[in-house]
Amino acid sequence: MTDFRNKSTVLVLNRNLQAIHVKTPAEAFCMMASGAARGLDVQGDDAIVPVTWDEWIALPVREQDRSIGSPRGLIRCPTVIVSPNYARVPMHRPGFNRRNLWQRDGGVCQYTGRKLAPHEGNIDHIVPRSRGGKTSWDNCVLAHREINSRKADRLPQEAGLRLLKVPAAPKALPATVVIQNIHGVRDWEFFMR
């Protein structure tokens, strides 16, 4: 049996059946046992039944199900749970890192407008760190390595450069957009459309 207890393989839905989070089976069991969530008994494409904790532990473990051992015997691990008291869709703002900066700037040097290959670009601090500039969304842009070297510890205007656009933090997106089914859980497909 594969140890999947610490892998995020349970999709969490709000009461409107919108994907809002991903949890581990252990976290899902805790939510179900405390009444904060109900498991979804997915019975193929035509039937999805919300089930309380007491009903869940009595469900038979099918051949395709993952299960976990308990003193009572095997218990089916949920793949999708619903939080019936939660209606919102949380917002997610990407954290600041090289990959997300590359994505925000579309892989384009913000001084020349040139599309960059991954090895050609790096992070440029508009106000250099040596002059008190912070590493943040509004002070960093993607720049060609040669342009960044030429700019050195100067401001863009001092180096004869001009930004194509003013940098800003990416807009927050609904959590539903950033959830990925990396484990290929079939039961998630209906809710991830």
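Scroll up to find the structure this text is about.
Calculation rules
Residues numbered from 1 in each chain as written. Predicted model: local features only at pLDDT ≥ 70, side-chain atom pairs only at ≥ 80, totals over all residues. Heavy atoms only, no water. Helix = DSSP H or I, 4+ residues; strand = E, 2+ residues; numbered from the N terminus. Rg over C-alpha atoms; globule rule 2.2 N^0.38 Å. Buried < 20%, exposed > 50% of the residue type's maximum accessible area, 1.4 Å probe, protein only. Areas by Shrake-Rupley, 256 points an atom, 1.4 Å probe, with all protein chains shown as cover. Pairing = 2+ DSSP bridges. Core = buried A, V, L, I, M, F, W, Y, C linked by side-chain atoms within 4.5 Å. Contact = heavy atoms within 4.5 Å. Axes fitted to C-alpha atoms, helices over the stretch in contact; angles between N-to-C directions.

Trainee: What exactly am I supposed to notice about the overall build of the protein here?
Mentor: Each helix and strand in the protein was counted, giving 5 helices and 11 strands. Here the protein has a C-alpha radius of gyration of 24 Å; the compact-globule value for 193 residues is 16 Å, and the former is much larger. Projected onto the principal axes, the alpha-carbon positions of the protein cover approximately 70 × 35 × 30 Å. Out of the 193 residues in the protein, the part that is buried amounts to 38%. Carbon and sulfur atoms form 52% of the exposed surface of the protein, whose accessible area is close to 11,600 Å².

Trainee: When you look at the pairing of strand S3 (residues 38–42) in this model, what are you seeing that I'm missing?
Mentor: In summary, the side chains of a regular strand alternate between the two faces of the sheet. Among the 5 residues in S3, 4 count as buried, and that is most of the element. Where S3 lies against strand S7 (residues 80–82), 2 bridges are found, and the strand directions are antiparallel. When the sheet's bridge partners are listed, Gly39 is paired in S7 with Ile81. Relative to strand S4 (residues 48–51), S3 is paired through 4 bridges, and the arrangement is antiparallel. Bridging from a neighbouring strand, Gly39 pairs with Val51 of S4.

Trainee: Whenever I open this one, the nonpolar core confuses me. Can you help?
Mentor: Membership of the largest hydrophobic core comes to 15 residues, with the highest contact counts inside it found for Val12, Phe29, Met31, Trp56, Ile68, Ile75 and Ile81. Breaking this core down by element, the ones donating at least two residues are strand S1 (10–13) and helix H1 (25–34). Sort the elements by how many residues they give to this core and H1 lands first, with 4 residues. Those residues in contact with Phe29, other than ones at most four positions away along the chain, are Trp53, Trp56, Ile68, Ile75, Arg76, Cys77 and Pro78. Leu13, Val42, Val80 and Val82 belong to the second largest nonpolar core, which has 12 residues in total.

Trainee: Is there a simple way to explain the sheet that holds strand S2 (residues 19–23) in this structure?
Mentor: Paired through backbone hydrogen bonds, the strands of a sheet run either parallel or antiparallel to each other. Spatially, 5 strands are ordered S2-S1-S7-S3-S4 in an open sheet, and the strand pairing comes out mixed. Among the strands making up the open sheet, the edge pair consists of S2 and S4. The sheet shows a mean angle of 30° between the axes of neighbouring strands, direction not considered. Examined bridge by bridge, S1 and S2 share 4 bridges and lie antiparallel to one another. Among the inter-strand pairings, Val12 is bridged to a residue of S2, identified as His21. Contacts between H1 and the sheet are confined to S1, S2, S3 and S7, with S2 contributing the most and set at about 115° to the helix.

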